[in-house]
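Structure assessment
In case you want the letters, here they are:
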Amino acid sequence: MRNDIKGNTSKKMIFVLLLLGALYVLFPIVIVLMNSFKGKLFISTAPFSLPSLGGENSDKTFAGLSNYINGIKKIKFFQAFGYSLWITIGSVAGILICSSMLAWFITRVKNKFNSIVYYMLVFSMIVPFQMVMYTMSKMANVLGLDNPVGIIVIYIGFGCGMATFMFAGFIKSIPLAMEEAAMIDGANPPQIFLHVVIPMLKSQAITIGILEIMWVWNDYLLPYLTIGTDYKTIPIAIQYLRGGYGAVDMGAMMAMLMLAMLPVIIFYLACQKHIIKGVLAGAVKG
């Protein structure tokens, strides 16, 4: 009886802690959403109040969709959205394909060269981007990678370290007997990878994919240094809502931030089941 009471108490405490954690994460998003429907003058004076339709003796703070319309016009949102979408899809697809193949090869073929490559990739995870950003931007210019296609190659180079590390940890848990059985049946290495390994990496790939999507989609510094203002991604375009002498159209900025977050939120909710499976699989099998 006492054990049941202690168990229920601990579950309630965990629930309360998780609830507080969820509120802590959701609070900034709710604030941005509320302020995206307010007039820009009221965002600074009453940032935590709900938009109001006003009355006889009160101000109308509700701005409707005007912030969204103005923001879309000012920053050419759909053009920036297209560049961000192209770069994100190309980069994440390239990272997942290259890193999964590399992780499988490194895990199954044991030699010194593969070990060196693996530890170099692990080491790249701890090198701050600020240490290489100037030389990287110069090399990107010299090699002709300062465009929406070339930046995908750069993202693949920066993103393969963590992805290969995570894929390799999961592939080690896959029984080698399954691949040997496919080989006995006449499958060659590419067929083994496509028909045996890839299906087992589905949940892990989605987990890595959401992490890489959040990084590439929200990244500001790398596109700014590489492709500059010629091909504005959403984070770069939003910065142009700042006017002269520090003036900021806060209403339009809040609206554009909300639109920038929306695709990642939708993708995460759609793939939530697979993401949880991938995290649990990596924790149990890795």
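Structure: above.
Conventions adopted
- Here the residue numbers are simple positions, counted from 1 along each chain's written sequence.
- Residue-level local features of this predicted model are given only where pLDDT is at least 70; pairs of side-chain atoms are given and counted only at 80 or more, and the full residue set underlies all totals for whole chains, interfaces and linings.
- To obtain the side-chain values, all non-hydrogen atoms of the structure were used and water was disregarded.
- Counting from the N terminus, the helices are the DSSP runs of H or I reaching at least four residues and the strands are the DSSP runs of E reaching at least two.
- Throughout, exposure labels follow a simple rule: accessible area from a 1.4 Å probe, protein chains only, divided by the maximum for the residue type, with under 20% read as buried, over 50% as exposed, and the rest as partly exposed.
- Lining residues are defined by having an atom within 4 Å of a point belonging to a cavity or pocket. Those points lie on a 1 Å grid over the protein atoms alone, cavities being sets where a 1.4 Å probe fits but cannot get out and pockets being open sets with protein on both sides within 12 Å along at least five of seven lines.
- Grid points are joined across faces, edges and corners, and a volume is the space filled by probe spheres set on the points.
- For this classification, Asp, Glu, Lys and Arg are treated as charged, while Ala, Val, Leu, Ile, Met, Phe, Trp, Tyr, Cys and Pro are nonpolar and the rest, including Gly, are polar.
- Whether two residues are in contact is decided by their heavy atoms, any of which lying within 4.5 Å being enough.

Notes on the overall build of the protein chain
Assigned secondary structure in the protein chain consists of 14 helices and zero strands. When the 286 residues of the protein chain are sorted by exposure, 36% land in the buried category.

Re empty space enclosed by the protein
Taken as a whole, this structure holds one cavity of 30 Å³ or more when the rule is applied. In this structure, the largest cavity encloses a volume near 60 Å³. Residue lining of the largest cavity: Tyr 83, Ser 84, Ile 87, Thr 88, Tyr 155, Val 216, Trp 217, Asp 219, Pro 223, Thr 233 and Pro 235, and that is the complete set. For the lining of the largest cavity, the leading source of residues is helix α4 (residues 77-108), giving four residues. Of the residues assigned to the lining of the largest cavity, the class counts are seven nonpolar, three polar and one charged.

Some remarks on the environment of Met 214
Mapped onto the elements of the fold, Met 214 is located in helix α10 (residues 202-218). Taking C-alpha positions, Met 214 is 9.7 Å from Tyr 268, a pair spaced 54 residues apart along the chain.

A few points about the environment of Ile 227
Note that Ile 227 resides in the loop between α11 (221-226) and α12 (234-239). Remark: the alpha-carbon pair of Ile 227 and Asn 141, spanning 86 residues in sequence, is separated by 9.0 Å. Leave out the neighbours within four places in its chain, and Ile 227 touches Ile 87, Asp 146, Asn 147, Pro 148, Ile 151 and Thr 233.

Notes on the layout of surface pockets
Here the largest pocket defines a volume of roughly 450 Å³. Every residue lining the largest pocket is counted, 15 residues in all, and those nearest its centre are Ser 124, Val 127, Phe 158, Gly 159 and Trp 215. Contributions of two or more residues to the lining of the largest pocket are made by α7 (150-171) and α10. If you tally residues by element for the lining of the largest pocket, the top one is α7, at five residues. In terms of residue class, the lining of the largest pocket is made up of nine nonpolar, four polar and two charged. As a volume, the second largest pocket reaches approximately 220 Å³. Residue lining of the second largest pocket: Met 214, Asn 218, Ala 260, Met 261, Val 264, Ile 265, Tyr 268 and Leu 269, and that is the complete set.

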